[in-house]
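Chain by chain, the residues run as shown.
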Amino acid sequence: MVSMGHRQPSRWLPDARAQAILAAIVREHIATGEPVGSRTVSERCAGEARWSPATIRNVMAELEEAGFVEQPHTSAGRIPTDKGYRFYVDHMISEARLPKGDRLAIRRAITRLQDEEDPERLMERVSHLLSELTNNVGIAFSPPMADNRLQHVEFVKLADERALVVLVFAPNIIQHRLIRLDEPMAQEELDRAARYLNAEFKGRSLVAIRAELMRRLREEEALYNKLLRQVALLCERSFAEAEKERGEVYVDGASNILTKPDFSDLETLRELLRTLEERSRLVRIINECLARDPCANAVQIMIGRENLAPALRNCSMITAPYRIADGSFGALGVVGPMRIEYERVIALVNHVARILEQKFSAASVAV
């Protein structure tokens, strides 16, 4: 399923002939990056009715007046606007299918993705794969750990009143944390606290666990004061960092935009690079994309001024969510110029997201 964002109203909608001409302009501009003239359109539409050059020029003028294309300078051909790209994406691309070369490249990468257990390394590989296959910016976003469901916890006593915390989340995501104990605790006490957490809170989020512990401390203090107090202190140290996380985002291929003539304006380029480097801004942008359509598997396509971040107003951002077994969502995406290969990138991002979703689903069964 593909969700295309906010469609822009228009009093004049292209008829079949205007759509064919607009499609020819979009595809030629995506391929070359150059303004497209009426002669080129005539060649690209050779299979259509034999329209005269004058007819083509008139239709191009209508498309320009309606805001679907623009003329960068006098006597030049036309280039699509973000409105033109939106109409093309909404109405003129078929069900996206991956080219054979992409399928083979992804198949070669699947084994590495399936075998990777470290979540950070996995996301790094996914973002690199997207960047490598599209020659644009690849993005992989993992959901906040505080939203993930805890499957198992262990505490291992170390020297100097420290402890190693092993947190296992669905689907088979493992995190290790070093914490400092507020009071001396024997390994037996740490084991008892872990057994309590595993028995009482398996399958619940970190936020929910802390809230319930606080409630129990208030209501059952007389019965379980020592154990609950120890468990609460351990959770405070172990979960605090995860609860602050807003999700992690992994970016690969930012240097690819330096090769794009679409970003020749230096100030625009600098702001785009700053946005890609500032993880908190990217997390906010991706969360906004996910919030637009909560439907699972819906690909989001934001074109030009549809992007809320000013730095992305000359870009297209194609994202696909993937569901974690516990119900939370992450997302994959590609950022590139507005003349990105929409059909191919839509299919590619969605395909890799489904692979990642299947991996997490399979891992959750094994947990």
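Residues numbered from 1 in each chain as written. Predicted model: local features only at pLDDT ≥ 70, side-chain atom pairs only at ≥ 80, totals over all residues. Heavy atoms only, no water.

1. Considering the overall build of the protein chain
Here is the rule we go by: Numbering of helices and strands runs from the N terminus, with a helix taken as a DSSP run of H or I at least four residues long and a strand as a DSSP run of E at least two residues long. Relative accessibility decides the category of a residue: with a 1.4 Å probe and only protein chains considered, values under 20% of the type maximum give buried, values over 50% give exposed, and everything between is partly exposed. We call two residues in contact whenever any of their non-hydrogen atoms come within 4.5 Å of each other. Note on areas: these come from Shrake-Rupley sampling with a 1.4 Å probe, and a residue is covered only by the protein chains present in the view.
A tally of regular secondary structure across the protein chain gives 12 helices and 11 strands. Counting over 367 residues, the protein chain shows a buried share of 50%. Across the protein chain, every contact between residues at least 6 apart in sequence was considered, and the portion connecting residues at least 24 apart equals 64%. Total accessible area computed for the protein chain in this model is approximately 18,000 Å², and 48% of it derives from carbon and sulfur atoms.

2. Focus on the packing of helix α1 (residues 16–32) against helix α4 (residues 82–91)
Helix packing geometry: the angle between the two helix axes and the distance between the axes. Filter applied, for reference: Axis lines are fitted through C-alpha atoms, for helices just across the contact stretch, and the angle between N-to-C directions can take any value from 0 to 180 degrees. Note on terminology: angles under 35 degrees are roughly parallel, angles over 145 are roughly antiparallel, angles of 65 to 115 are roughly perpendicular, and the others are oblique. When residue character is reported, Ala, Val, Leu, Ile, Met, Phe, Trp, Tyr, Cys and Pro are called nonpolar, Asp, Glu, Lys and Arg charged, and the others, Gly included, polar.
Following both chains from N to C, one finds α1 and α4 inclined at 110°, their axes separated by 10 Å at the closest point. Between α1 and α4, the angle is such that the two are roughly perpendicular. Across the interface between the two elements, Q19, L22, A23, V26, R27, H29 and I30 from α1 touch G84, Y85, F87 and Y88 from α4. Classifying every residue of the contact of α1 with α4 gives 7 nonpolar, 3 polar and 1 charged.

3. What about the environment of L150?
Structurally, the position occupied by L150 is in strand β5 (residues 150–157). Given the relative accessible area of 1%, L150 is considered buried. Setting aside residues up to four positions removed in sequence, L150 forms contacts with L167, V168, F169, F201, K202, G203, R204, L206, I209 and F239.

4. A closer look at the layout of surface pockets
The cut-off we apply is this: Only protein atoms enter the 1 Å grid used here. Points where a 1.4 Å probe fits but cannot escape make up a cavity, open sets with protein on both sides within 12 Å along at least five of seven lines make up a pocket, and a residue lines them when an atom lies within 4 Å of a point. Grid points are joined across faces, edges and corners, and a volume is the space filled by probe spheres set on the points.
Within this model, the second largest pocket holds a volume of roughly 270 Å³. Residue assignment for the lining of the second largest pocket shows that the elements contributing at least two residues are β3 (79–80) and α4. The residue makeup of the lining of the second largest pocket, split by class, is 5 nonpolar, 3 polar and 5 charged.

5. As for a nonpolar patch on the surface
What counts here: Like charges are joined within 9 Å and nonpolar side chains (Val, Leu, Ile, Met, Phe, Trp, Tyr) within 5 Å, but only among residues with over 30% relative accessible area and no salt bridge; these make up the patches. Only one rule defines a salt bridge in this text: a Lys or Arg side-chain nitrogen within 4 Å of an Asp or Glu carboxyl oxygen.
A contiguous nonpolar patch, built from V156, L158 and L178 and spanning about 230 Å² of accessible area, is present on the exposed surface. Topologically, L178 is positioned in strand β7 (residues 173–180). L178 sits in the exposed class, given a relative accessible area of 56%.

6. Comments concerning the pairing of strand β10 (residues 315–323)
Operational definition: At least two DSSP bridges between two strands are needed for those strands to be called paired.
Extensive coverage of β10 is indicated by the burial of 8 of its 9 residues. Two elements, β10 and strand β11 (residues 329–337), share 9 bridges in a ladder whose sense is antiparallel. Residue pairing in the sheet places R323 in a bridge with F329 of β11.

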